[in-house]
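# Geometric and topological summary
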Amino acid sequence: MNRSLQVVVLGAGAGGGLPQWNCGCCNCSDARRGIIPAMTQSSIAVSADGKHWVILNASPDIRTQLQACVDMHPESLRGTPVSAVFLTNGDIDHIAGLLTLREKSGFRVLGTEQTLGILRENTIFKVLDAEQVEFLPLSLDQLFEPVPGLLIEPFAVPGKVPLYQETDDLRLNAMGEQTVGLRIGAGDSVLYYIPGCAEIPDWLIERVSDGDMILFDGTVWKNDEMRATGTGTKSGARMGHIAMAGPQGSLSRFKALRDCQKIYIHINNTNPVLQPKAPERALVESEGWAIAQDGMRFQL
């Protein structure tokens, strides 16, 4: 059977989505009025055969996302095309959706030992029936085939622990199991999925250079965006996310990626690129990037 990499954007937004429930910023207000598209929280689904799917991050919006995607609908009285869920970190907006997937259907939960340890430590995740749901820790930099024809390799990227695990000795831009990117292959096609990343070292640029597509952290346009819009006090760096703009931002750092389809995902409700006529959007598009939207589909 010929394999091709199929990708569906289930959700394109950062934590809180768009509109965020308690925010009246320009973007959220426009999304409520239908002027710009709403976004659920960041998640994608990938498959090599269109029948067996792996969800990358289980967002709190997962029920709505699965309903909106016909590929995820059950084909029998009880069942699911979802074979596995891979968690790139332990953020609430990446693990909370697991609690929705508790209705006695079997699948695997994949992630690093550190991330899966978070689930084991919190008894609420015991609602996932151990006879149906297998928790499988994966090692960094090792290939795994979760469904036929689909190869996934997790690797560490600069990041930080989830907000609820922060302590006084918090390390930003830390490297380890707490934040990973994924190299996903099917046939000759390669996708990189990196929804959270605190900086872009030279080695990361080199690592993703063989990709046909990259879905990358597009949380904020500028590092001080939250403060500038009056919506918060934390910088992008403090949240573990690199800005798009600036000499060390992702637009500049990934400029050399020319033979790769580049798409921003995990986009915060404050980001000006969500406005189609904004100069920031024009600059992003002139640099060869697209902005993810819920429901986008790709075949590589």
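Residues numbered from 1 in each chain as written. Predicted model: local features only at pLDDT ≥ 70, side-chain atom pairs only at ≥ 80, totals over all residues. Heavy atoms only, no water.

### Re the overall build of the protein
Convention followed: Runs of E in the DSSP output that reach at least two residues are strands. Runs of H or I that reach at least four are helices, and both are numbered from the N terminus. The globule rule is 2.2 Å times the number of residues to the power 0.38, and the radius of gyration it is compared with is taken over C-alpha atoms. Classification of residues uses two cut-offs on accessible area relative to the type maximum, computed with a 1.4 Å probe and protein chains only: under 20% is buried, over 50% is exposed, and between them is partly exposed.
Helix and strand content of the protein: 8 helices and 14 strands. Taken against the 2.2 N^0.38 rule, which gives 19 Å for 300 residues, the C-alpha radius of gyration of the protein at 18 Å falls within 12% of a compact globule. With the C-alpha coordinates aligned to their principal axes, the bounding extent of the protein is approximately 50 × 40 × 40 Å. Within the protein, the proportion of its 300 residues that are buried is 55%.

### What to know about the environment of Ser-29
Heads up, the rule is: N or O atoms closer than or at 3.5 Å make up a polar contact, with two conditions inside protein: a donor-capable atom paired with an acceptor-capable one, and, for residues adjacent in sequence, both atoms drawn from side chains.
Relative to the elements of secondary structure, Ser-29 occurs in helix α1 (residues 26–32). Within the structure, the side chain of Ser-29 is placed 3.2 Å from the backbone oxygen of Gly-24, a separation counted as a polar contact.

### Some remarks on the sheet that holds strand β2 (residues 43–47)
Working definition: the strands of a sheet are paired by backbone hydrogen bonds and lie parallel or antiparallel to each other. To keep it simple, the criterion reads: If DSSP finds at least two bridges between two strands, the strands pair. Here, axes are lines fitted to C-alpha atoms. For helices the fit covers the stretch in contact, and angles between N-to-C directions go from 0 to 180 degrees.
Taken in spatial order, the 7 strands of this open sheet run β6-β5-β4-β3-β2-β1-β14, and their pairing is mixed. Here the strands that pair on one side only, and so sit at the sheet edges, are β6 (133–137) and β14 (297–299). On average, each strand axis in the sheet is inclined to that of its neighbour by 20 degrees, with strand direction left out of account.

### Digging into the pairing of β6
We count it as follows: Orient the strands so they point away from the viewer, and a crossover whose first-strand-to-second-strand path over the helix runs clockwise is right-handed.
For strand β5 (residues 107–111) and β6, the ladder comprises 5 bridges, and the chain directions are parallel. What sits directly across from Gly-111, in β6, is Pro-137. Traced from β5 through helix α4 (residues 113–121) to β6, the parallel crossover comes out right-handed.

### Some words on the nonpolar core
Inclusion rule: Only buried Ala, Val, Leu, Ile, Met, Phe, Trp, Tyr and Cys residues count toward a nonpolar core, and they belong to the same one when joined by side-chain atoms within 4.5 Å.
Within the largest apolar cluster, 63 residues are counted, with the highest numbers of intra-cluster contacts made by Ile-44, Val-46, Leu-56, Leu-150, Ile-184 and Phe-216. Considering each element in turn, this core owes the most residues, 5 residues, to strand β10 (residues 189–194).

### Concerning the side chain of Ser-43
In plain terms, the rule: Any two residues whose heavy atoms approach within 4.5 Å at even a single point are treated as in contact.
On the secondary structure map, Ser-43 appears in strand β2. Residues in contact with Ser-43, not counting those within four places in the same chain, are Val-9, Leu-10, Gly-11, Ile-55, Leu-56, Asn-57, Ser-59, Gln-65 and Tyr-193.

### Concerning the pairing of strand β1 (residues 6–11)
A large share of β1 lies buried, amounting to 6 of its 6 residues. The sheet contact formed by β1 and β14 spans 3 bridges and is antiparallel. Note on β14: the bridge partner recorded for Val-7 is Phe-298. Here β1 pairs with β2 via 5 bridges, running antiparallel. Bridge pairing links Gln-6 to Ser-47 in β2.

### Brief notes about α4
Since the α-helix advances by 3.6 residues per turn, residues separated by three or four positions end up pointing in the same direction. Buried residues of α4: Thr-115, Leu-116, Gly-117, Ile-118 and Leu-119, and no others. Next to the buried residues of α4 lie α3 (92–95), β5 and β6.

### Observations regarding the pattern of salt bridges
Threshold: Here, a salt bridge means any Lys or Arg side-chain nitrogen found within 4 Å of an Asp or Glu carboxyl oxygen.
On inspection of all chains with the given rule, the structure shows 13 salt bridges. Across the salt bridge formed by Glu-113 and Arg-120, the nearest N and O atoms sit 2.0 Å from each other. Between Asp-202 and Arg-253 there is a salt bridge; the shortest N-O distance is 2.6 Å. Highlighted residues: Asp-202 in helix α5 (residues 202–207) and Arg-253 in helix α7 (residues 250–253), separated in sequence by 51 residues. Several salt bridges converge on common partners, so that one network encompasses Asp-141, Glu-153 and Arg-207.

### Regarding unusual backbone geometry
Of note, the bond from Leu-18 into Pro-19 is cis; its omega dihedral lies within 30 degrees of zero at 0 degrees. When you line up the elements, Pro-19 lands in the loop between β1 and α1. Positioned with a positive phi, Lys-104 is a non-glycine residue whose angle comes to about 65 degrees. Looking at the secondary structure, you find Lys-104 in the loop between α3 and β5. For Lys-104, a relative accessible area of 55% gives the class exposed.

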